[in-house]
Amino acid sequence: MNSITSNKNSAILLLTALIAAVLFAVYYYVLTPKLDDVKAKESTVSTLNQEITSLQEQIAIVEETQQSSATNNVTLRKKVPQTRAIEKVLLDIAEIEAVTGTLVESISFNNYDSLVLDSTITDPNAPVVDEDAPVTDGDTTDTQPTEEDPEATTDELPVSTIAKESLPAALKLVTFSMDIAALDMKSLNSYLQEIEKIERIMKIDALDISLPGEEDKFQEDADPTVTATIQVTTFYYEGEK
């Protein structure tokens, strides 16, 4: 009887050992490689996610840089346009007139048509000498007022006072002169301030103000208008920024 019980116990132990051996073999040879493969794939996915995040950050930086560059180009083009854009200057002046209650009585432009590098920025009204023209004793040019007409003068274009050495050589200039009438100095000062607020770069070269005379202050019908001649130089750049 004991022998039978002992044999049963031995069989149970052998069966248990066999089952344990099979389970261990399954775990070691089947499950362990699968788990290692899962861990490797999880590590790969994590690495890929990190790379994706890094690439997204780089793309965001590039897009931000491009957007900033485009914004800067737009801003620069407003300050220094690609063409003369005289019509925009005239519109700005008309708006300033309306805001300040002043009146532009006349305006004249000098477009130069040359680069700063090639421009002497000197008086363009100097007489042009034709070297091929025959010279005789009677050929003279006099641009000064004559005795017959002491009021006779020549129309002069405004000439910038800016030294070309201080400017980029590729720039082009537009200089214009305006005769302004204002009700008082406050209105004139407002006009000058508005000129300086224009997005396009405006350099006031010269300002000549004429105030009402002292004797006019005591006249009831005296004209209190303040007049001024303002010369301004602006710029444009035809190349690519």
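Residues numbered from 1 in each chain as written. Predicted model: local features only at pLDDT ≥ 70, side-chain atom pairs only at ≥ 80, totals over all residues. Heavy atoms only, no water.

### Description of the UniProt feature "coiled-coil region" (unreviewed entry) in the protein
Reasoning step 1: Within this numbering scheme, the UniProt entry marks residues 38-65 as carrying the feature "coiled-coil region" (unreviewed entry).
Reasoning step 2: Counted over residues 38-65, helix gives 100% and strand 0%. Its end C-alpha atoms are 40 Å apart. (UniProt positions renumbered as here; feature names shortened; annotations may be inferred. Helix = DSSP H or I, 4+ residues; strand = E, 2+ residues; numbered from the N terminus.)

### Some details on the packing of aromatic side chains
Reasoning step 1: As enumerated under the stated definition, the model contains one aromatic pair in all.
Reasoning step 2: Centre to centre, the rings of F109 and F176 are 5.2 Å apart; their planes meet at 35°, and the pair counts as tilted. One end of the pair, F109, is in strand β1 (residues 103-110); the other, F176, is in strand β2 (residues 172-182), and 67 residues separate them in sequence.
Reasoning step 3: Judged by relative accessible area, which is 1%, F176 ranks as buried. (Phe/Tyr/Trp six-rings, centres within 6.5 Å; stacked < 30°, edge-to-face > 60°. Buried < 20%, exposed > 50% of the residue type's maximum accessible area, 1.4 Å probe, protein only.)

### Structural notes on the pairing of β2
Reasoning step 1: Buried residues dominate β2, accounting for 10 of its 11 residues.
Reasoning step 2: Bridge count for β1 against β2 is seven bridges, and the pairing is antiparallel. Across the sheet, residue N110 finds its bridge partner in β2, namely T175. (Pairing = 2+ DSSP bridges.)

### Structural notes on helix α3 (residues 185-197)
Side chains three or four residues apart in an α-helix point the same way, a direct result of the helix having 3.6 residues per turn.
Reasoning step 1: Compared with the 18 Å implied by 1.5 Å per residue over 13 residues, the 18 Å span of α3 between its first and last C-alpha is a close match.
Reasoning step 2: All buried positions along α3 are accounted for by S187, L188, Y191, L192 and I195. Down the axis of α3, the buried set is contained in an arc of 140°. They therefore lie on one face. Residues of α3 that are exposed and angled more than 90 degrees away from the buried face: K186, E196 and K197.
Reasoning step 3: Along its buried surface, α3 packs onto α2 (86-100), β1, β2, β3 (202-210) and β4 (226-236).
Reasoning step 4: With a side-chain oxygen lying 3.2 Å from the backbone nitrogen of K186, the N-terminal cap of α3 falls on D184. (Expected span 1.5 Å × (residues − 1). Arc of directions from axis to C-beta. Contact = heavy atoms within 4.5 Å. Polar contact = N/O pair within 3.5 Å; in protein donor to acceptor, adjacent residues only side chain to side chain.)

### Quick notes on the confidence of the model for the protein
Reasoning step 1: Confidence in the prediction of the protein, expressed as mean pLDDT, is 76, and 73% of residues score 70 or more.
Reasoning step 2: Throughout residues 122-154 the model reports pLDDT below 50, and contacts reaching past four residues in sequence, or to other chains, amount to 12 contacts. (pLDDT = per-residue confidence, 0-100.)

### Brief notes about the sheet that holds β4
Reasoning step 1: A sheet is described by the order of its strands in space; here four strands give the open sequence β1-β2-β4-β3, paired in antiparallel fashion. The outermost strands of the open sheet, each flanked by one partner alone, are β1 and β3. Each strand axis lies, on average, 15° off the axis of its neighbour in the sheet, ignoring direction.
Reasoning step 2: Note that β2 and β4 share 11 bridges and pair antiparallel. By the bridge assignment for β4, I180 is matched with A228.
Reasoning step 3: Across the sheet, α2 is in contact with β1, β2 and β3; its angle to β1 comes to roughly 160°.
Reasoning step 4: Taken strand by strand, α3 contacts β1, β2, β3 and β4, and its axis lies near 170° from that of β3. (Axes fitted to C-alpha atoms, helices over the stretch in contact; angles between N-to-C directions.)

### Brief notes about the UniProt feature "transmembrane region" (unreviewed entry) in the protein
Reasoning step 1: Here the UniProt-annotated "transmembrane region" (unreviewed entry) positions come out as residues 12-31.
Reasoning step 2: The distance separating the terminal C-alpha atoms of residues 12-31 is 26 Å; by composition the span is 100% helix and 0% strand.

### Let's talk about unusual backbone geometry
Reasoning step 1: At A85, a position not held by glycine, the phi torsion is positive, near 50°.
Reasoning step 2: By the secondary structure assignment, A85 is in the loop between α1 (2-79) and α2.

### Comments concerning the nonpolar core
Reasoning step 1: If you look at the biggest cluster of nonpolar residues, it comprises 22 residues, and the most contacted ones within it are F176, M178, Y191 and I230.
Reasoning step 2: For this core, the secondary structure elements donating two or more residues are α2, β1, β2, α3 and β4.
Reasoning step 3: With six residues, the next largest nonpolar core counts L167, L171, L173 and F235 among its residues. (Core = buried A, V, L, I, M, F, W, Y, C linked by side-chain atoms within 4.5 Å.)

### Overview of the packing of α2 against α3
Reasoning step 1: Running from N to C, α2 and α3 cross one another at 145°; their axes reach a closest spacing of 10 Å. The element α2 and its partner α3 pack so that their crossing is right-handed. When α2 is examined against α3, the residues I93, I96, E97 and T100 are found in contact with a partner set consisting of S187, S190, Y191, E194 and I195.
Reasoning step 2: Per-class residue counts for the contact of α2 with α3 are four nonpolar, three polar and two charged. (Left-handed = near helix turned anticlockwise from the far one by under 90°. Nonpolar A, V, L, I, M, F, W, Y, C, P; charged D, E, K, R; others polar.)

### A short note on the environment of L207
Reasoning step 1: Looking at the secondary structure, you find L207 in strand β3.
Reasoning step 2: Classification of L207 as partly exposed rests on a relative accessible area of 40%.
Reasoning step 3: Sequence spacing of L207 and L192 is 15 residues, and the spatial spacing of their C-alpha atoms is 9.7 Å.
Reasoning step 4: Apart from residues lying up to four places away in sequence, L207 is in contact with L192, A228, T229 and I230.

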